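Read off the chains here:
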Amino acid sequence: MKDSFDILVVGAGPAGLAAAHAAAQGGTQQVAIVDDNPLAGGQIWRGAPAKQKDQRARQLWHALEDAGNVSILQGTRVLMQTQPGELLVQDARQARTLRYKQLILATGARELLLPFPGWTLPGVTGAGGLQALAKGGYPVQGKRVVVAGTGPLLLAVAATLKERGAIVAAIVEQAAMPALARFAAGLALTPSKAMQAVGLAAGLRGIPYYTNSYVTMARGQAQLLSVQVQRAGDKLDIDCDYLACGYGLLPNTELARALGCEIEQGAVKTDPWQHTSVANVLCAGEGTGVGGVDLALVEGHIAGLAASGHTNEALAYFAARDKWRGFASRLARAFAPRDALRALVQPDTIVCRCEDVCHDELRQQPSWRSAKLHTRCGMGPCQGRICGNATDFLYGWRPDAVRTPISPARAGSIITLELHKET
Ligand SMILES: Cc1cc2nc3c(=O)[nH]c(=O)nc-3n(C[C@H](O)[C@H](O)[C@H](O)COP(=O)(O)OP(=O)(O)OC[C@H]3O[C@@H](n4cnc5c(N)ncnc54)[C@H](O)[C@@H]3O)c2cc1C
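Report follows, based on the coordinates. (Residues numbered from 1 in each chain as written. Predicted model: local features only at pLDDT ≥ 70, side-chain atom pairs only at ≥ 80, totals over all residues. Heavy atoms only, no water.)

Quick notes on the packing of helix α1 (residues 14-24) against helix α2 (residues 55-66)
Step number 1: Closest axis-to-axis distance for the α1/α2 pair is 10 Å, and the angle between their directions is 45°. Regarding the angle of α1 to α2, the classification is oblique. Seen from above, α1 lies across α2 with left-handed handedness. Listed contacts from α2 to L17, A18, A20 and H21 of α1 are L60, W61, A63 and L64.
Step number 2: A class-by-class count of the residues in the contact of α1 with α2 yields seven nonpolar, one polar and no charged. (Axes fitted to C-alpha atoms, helices over the stretch in contact; angles between N-to-C directions. Helix = DSSP H or I, 4+ residues; strand = E, 2+ residues; numbered from the N terminus. Parallel < 35°, antiparallel > 145°, perpendicular 65-115°, else oblique. Left-handed = near helix turned anticlockwise from the far one by under 90°. Contact = heavy atoms within 4.5 Å. Nonpolar A, V, L, I, M, F, W, Y, C, P; charged D, E, K, R; others polar.)

A few points about the sheet that holds strand β13 (residues 224-231)
Step number 1: Strand order across the open sheet formed by three strands is β12-β13-β14, with antiparallel pairing between neighbours. The open sheet has two edge strands with one neighbour each: β12 (213-220) and β14 (234-239). Here the strands of the sheet are splayed against their neighbours by 25° on average, with no regard to which way each runs.
Step number 2: With six bridges joining them, β13 and β14 adopt antiparallel strand pairing. Across the sheet, residue V229 finds its bridge partner in β14, namely L236. (Pairing = 2+ DSSP bridges.)

Quick word on the site of the ligand
Step number 1: Lining the immediate environment of the ligand, one finds 31 residues, of which A15, D35, D36, Q131 and E286 sit closest.
Step number 2: Within the backbone of Q43, one N or O atom sits 2.9 Å away from an oxygen atom of the ligand.
Step number 3: For the ligand, an oxygen atom lies 2.9 Å from a polar atom in the backbone of E286.
Step number 4: Within the complex, the protein chains bury 90% of what would otherwise be the 970 Å² of accessible surface of the ligand.
Step number 5: Where the shell around the ligand is concerned, the elements lending two or more residues are α1, β4 (77-83), β7 (109-111), α3 (127-135), α4 (153-163) and α8 (293-307). (Near = heavy atom within 4 Å. Polar contact = N/O pair within 3.5 Å; in protein donor to acceptor, adjacent residues only side chain to side chain. Areas by Shrake-Rupley, 256 points an atom, 1.4 Å probe, with all protein chains shown as cover.)

The structure is reproduced here in structure tokens:
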């Protein structure tokens, strides 16, 4: 198997697939896509692009399969840079290094999970987290689910769960009606999103949609039994088997940070051609800021074209990118998590769930670094991916430099690296 490519794309979601497709056009460049999921598709097209209703997914996938110059490495995680132009990757069997001339980061986003009493009970998941499980075959048939948090993703999650036979007891949206109304009015600028919203709303008719509301507590002993919801000065209890709760998405920036890319407002900073501040490294999709599948696709196209030297062709996508970036800004304004969510944590509420560190221990610390040193917050398997964002929201802490490997790695993979250094 080849281990040297002209253009290496990390991430096989919409941005990565679009980038690889654009980069491979003409057939002269050797392109590879690496993704850590068993099947390509990223978050929205999870479980194989060829099986999606969205024809853009099917078309991209078939074009990539048919191209003779694209290698697709699924189930393969990038762990770190070994030297400029070279990454250490690990799959189920082995670790190895991949070399590239141009690298396109399309590593997507993750959910913002905020702590509240009971959030670590079995049955409480992220909103997109439960959706991902259900898409992967996890049985939710007949289960009562409350979908909570903020953003349009809640509707998509509720729709997926309903389709899989779950009983969606309520959708609990923290944004207030005026913000939602402004956002809905702005959808006129992106008719396809407006149509999508209408379609989702129609499919979810009959399910209570509580705005200006948020979950204050999850109750149960060994398993979630009910949630308490704050609604305009009133409290409401809802019985449920699952709470799927997420407060929007945040860019995955670990790999970009490990490579030395400049980060601005939590996202990878790029120029108009999607170049990062590091030479020969580009970034596209949610890593540059959360904006949905359409923005991810258009940024992917631009990055792929720019990386393969077709910068003039990329110009044709700039207007579309501006349109979707406008949508992204309206999204961020409408669904910014409210301050009241900070007040939900109690002294004994666990904030770092890998290391069982409570709010009481953390609020005495002056910084993320100090918290890591004194409480082990952020030192567990998630390496701060979950609690790092929560502590940023709760205490305003900025995470310190990313450590490599960027995710837990087998000892054998590290040994591969050491052997590699010696040769
Ligand atoms: C949990 C979740 C569920 C979502 N569900 C929906 C939905 O139902 N509808 C909707 O419109 N939008 C949804 N979104 C938003 C969605 O992410 C975007 O609309 C779109 O998928 C972004 O595309 P992308 O290519 O930028 O990133 P993604 O689709 O997230 O793709 C990034 C890919 O990179 C891989 N990756 C990251 N780091 C590495 C690494 N180090 N090594 C190898 N691979 C790596 C990831 O595993 C992933 O497959 C969801 C987001 C999340 C986080």
